[in-house]
Amino acid sequence: MSKTRQGYYGEFGGMYIPEILKTNFDELIEHYNKARRDPRFWQEYTQLLESYSGRPSPLTFAENLTKHLGGAKIYIKREDLNHTGAHKVNNVIGQGLLTKRMGKKRVIAETGAGQHGVATATMAAKFGFECEIYMGEVDVKRQRPNVFWMERLGAKVNVVKDGTRVLKDAINAAFRDWAASMEATHYVLGTACGPHPFPEMVAWFQSIIGTEARKQILKIEGKLPKRVYACVGGGSNSLGVFSGFMKDKGVELIGVEAGGLGLKTGKHAARLVSKEGKVGVAQGMKTIFVQTKEGQMHETHSISAGLDYIGVSPILANLRDEKRVRFEAATDAEVVEAVRLTIRKEGIIPALESAHAFAQAIKEAPKMKKSDVIVINQSGRGDKDIFTIADALKDDAWEQFIIEKAEAYRAGR
């Protein structure tokens, strides 16, 4: 992660913001830099994650999957076992502590798959903050269970009906709110994107994943893994796990984007491995975005609500150029099959986002030596995806249950 100047990684990054937001960012940068220099802050952060979220998350040997594939030994970093069910809690606890330092009383956030929204609402409940979440209308419909829990946790969920009604539009709405409420509000951006210092700050909080994973694999296997796999949406979970191995040149890092219906169809969210991925400036940063030939933002598609963002972390864009991370894409069909196989072989239910990393590892592990070791970062659990997975698997019993439940609701009114 070579940093050329403040907020830049190679040619990517920066802080492209309207003047009205400058005060917000000046304050955030000041408090963030102080926190990074204060060892007591990191100590408080890690202790809170241990007592509240259950860190360190385990590194699980996938023995049955390893035997089934017949190649490298597979280990799974279990971020799904965190409180709230994903890696998102690492970031929100860190930003929550920063919010307290800044004396703010209200937090806002964007969310796509809903995991960041649930994590932010959980953090707000614990710290006593007022909380509002912005979520695209399309994502609200496919992630209703997470909307339910956000509201139970006391958050107001604002349904965004602008644009394509997904994650990028939720981010735009959150920035508009922040511009109008800066004195009392902190924007808890959920991934390693946006203007400086968000990419660096979110990656720092998520680095706890890689720090733990490196220690754990060395303790268990006595050596480093040959490859580390992670899905790539904005980039927070991948940068989190990659950070622990970034300086280990013998460890290959593989980021897996959403291949959707296939890269040739145009219905995907692959920024770094598709012809539609081009350099641009939007949402406060310079990075790679999915764009049309005319330079307009291209509509994305993924079976996963958390990976259909139009852009990617500027840190990852630079790591691609530096050839430190190899990027691939997994299709919706490959992802569903990876979920099915992992459930049956290991009794573990990966989120559709995480299943992109599983899909690529499942392709590659059989071609590797049995003495090789690989690590898959399971960024979240699949409970939230039950509707999408059930539809993809064409589960007739589940469909009948939903129909009967809907009829019961109608009869009760």
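One numbering rule holds for all chains: residues counted from 1, following each sequence as written. Only residues with pLDDT of at least 70 get local features here, since the model is predicted, and only at 80 or more are side-chain atom pairs given and counted; chain-wide, interface and lining totals rely on the full set of residues. Only hydrogens and water are removed before side-chain values are computed, so all heavy atoms of the structure are retained for them.

Asks: Which parts of the structure should I look at to understand the overall build of the chain?
Replies: Strands here mean DSSP runs of E at least two residues long; helices mean DSSP runs of H or I at least four residues long; both are numbered from the N terminus. The helix and strand inventory of the chain stands at 15 helices and 14 strands. To get the radius of gyration, use the C-alpha atoms; to get the globule rule, take the number of residues to the power 0.38 and multiply by 2.2 Å. Against the globule reference of 22 Å for 413 residues, the chain gives a C-alpha radius of gyration of 20 Å, in line with a compact fold. Counting only C-alpha atoms, the chain reaches 60 × 55 × 50 Å along its principal axes. Residue pairs at least 24 apart in sequence account for 73% of intrachain contacts in the chain once pairs closer than 6 positions are excluded. Exposure was quantified through the Shrake-Rupley algorithm and a 1.4 Å probe, taking into account, for residues, occlusion by the shown protein chains and nothing else. Surface accessibility of the chain: about 16,900 Å² in total, with carbon and sulfur atoms responsible for 51%. Only four residue types enter the tally: Lys and Arg on the positive side, Asp and Glu on the negative side; His and the chain ends are excluded. A charged residue contributes its charge at one atom only: NZ of Lys, CZ of Arg, CG of Asp or CD of Glu. Positive and negative side-chain charges of the chain, numbering 60 and 49 respectively, have mean locations separated by a distance of 4 Å. Whether two residues are in contact is decided by their heavy atoms: any pair within 4.5 Å suffices.

Asks: What is the right way to look at the sheet that holds strand β5 (residues 106-111) in this model?
Replies: Pairing between sheet strands relies on hydrogen bonds along the backbone, with the strands arranged either parallel or antiparallel. Following DSSP output, two strands are said to pair if at least two bridges run between them. Judged by pairing direction, the sheet is parallel, and its four strands sit side by side in the order β7-β6-β5-β8 without closing on themselves. Edge strands, defined here as strands with exactly one partner in the open sheet, are β7 (156-160) and β8 (185-187). Recorded for the sheet is a direction-independent mean angle of 20° between the axes of neighbouring strands. Only the contacting stretch of a helix is used when fitting its axis, a line to C-alpha atoms as for every element, and angles between N-to-C directions run 0 to 180 degrees.

Asks: It is not clear to me how the side chain of His 31 should be interpreted in this structure. Could you clarify?
Replies: Relative to the elements of secondary structure, His 31 occurs in helix α1 (residues 22-37). Think of it in three bands: residues with accessible area under 20% of the maximum for their type are buried, residues over 50% are exposed, and the middle band is partly exposed, with areas taken using a 1.4 Å probe on protein chains only. Given the relative accessible area of 18%, His 31 is considered buried. Those residues in contact with His 31 that lie beyond four places of it in its chain are Leu 98, Arg 101 and Met 102.

Asks: Quick question: what am I supposed to make of the sheet that holds strand β14 (residues 373-378) here?
Replies: Spatial ordering of the open sheet is given by β3-β4-β14-β9-β10-β13, a layout of six strands whose pairing is mixed. The open sheet has two free edges, formed respectively by β3 (59-61) and β13 (325-331), since each of these has just one partner strand. Neighbouring strand axes in the sheet, compared pairwise and without regard to direction, differ in orientation by 25° on average. Sheet topology note: the strand β9 (residues 227-231)/strand β10 (residues 252-260) ladder contains five bridges and is parallel. Its bridge partner being in β10, Cys 231 is matched across the sheet by Val 256. Across the face of the sheet, helix α13 (residues 352-364) comes into contact with β4 (73-78), β9, β10, β13 and β14 while running at roughly 145° to β9.

Asks: What's the story with a nonpolar patch on the surface in this structure? I'm lost.
Replies: Like-charged residues are merged into a patch within 9 Å and nonpolar side chains (Val, Leu, Ile, Met, Phe, Trp, Tyr) within 5 Å, provided each residue has over 30% relative accessible area and no salt bridge. Salt bridges are defined by distance alone: a side-chain nitrogen of Lys or Arg within 4 Å of a carboxyl oxygen of Asp or Glu. Side chains of Ile 386, Phe 387, Phe 401 and Ile 402 sit close together on the surface and give an oily, nonpolar patch of about 320 Å² of accessible area. Sorting the residues of the nonpolar patch by element identifies α14 (386-392) and α15 (396-411) as the ones contributing at least two each. Structurally, the position occupied by Ile 386 is in helix α14. Judged by its relative accessible area of 36%, Ile 386 is partly exposed.

Asks: In this structure, what is going on with the packing of α1 against helix α4 (residues 88-102)? I would like to understand it.
Replies: Relative orientation and spacing of two packed helices are given, respectively, by the angle between their axes and the distance between those axes. It is at 10 Å that the axes of α1 and α4 come closest, and there the two elements cross at 110°. Judged on the interaxial angle alone, α4 and α1 are roughly perpendicular. Between α1 and α4 the crossing geometry is right-handed. Residue-level inspection shows Glu 27, Leu 28, His 31, Tyr 32, Lys 34 and Ala 35 of α1 in contact with α4, the latter providing Leu 98, Arg 101 and Met 102. A per-class count over the contact of α1 with α4 returns five nonpolar, one polar and three charged. Geometric relationships in this document are graded by angle, where less than 35 degrees denotes roughly parallel, more than 145 denotes roughly antiparallel, 65 to 115 denotes roughly perpendicular, and other angles denote oblique. The sense of a crossing depends on the near helix, which, turned anticlockwise from the far helix by less than a right angle, makes the crossing left-handed and, turned clockwise, makes it right-handed. The residue classification treats Ala, Val, Leu, Ile, Met, Phe, Trp, Tyr, Cys and Pro as nonpolar and Asp, Glu, Lys and Arg as charged. All others, Gly included, are polar.

Asks: Mind showing me how you'd approach α4 here?
Replies: Along an α-helix, residues three or four apart share an orientation, since each turn contains 3.6 residues. A helix is expected to reach a length of 1.5 Å times the quantity of its residues less one. If you check α4, its first and last C-alpha atoms are 21 Å apart, about what 15 residues at 1.5 Å a residue would give, namely 21 Å. For α4, a buried count of 13 out of 15 residues is recorded, marking the element as mostly surrounded by other parts of the structure. Count one or two residues on from α4 and you reach Gly 103, which has phi positive near 75°.

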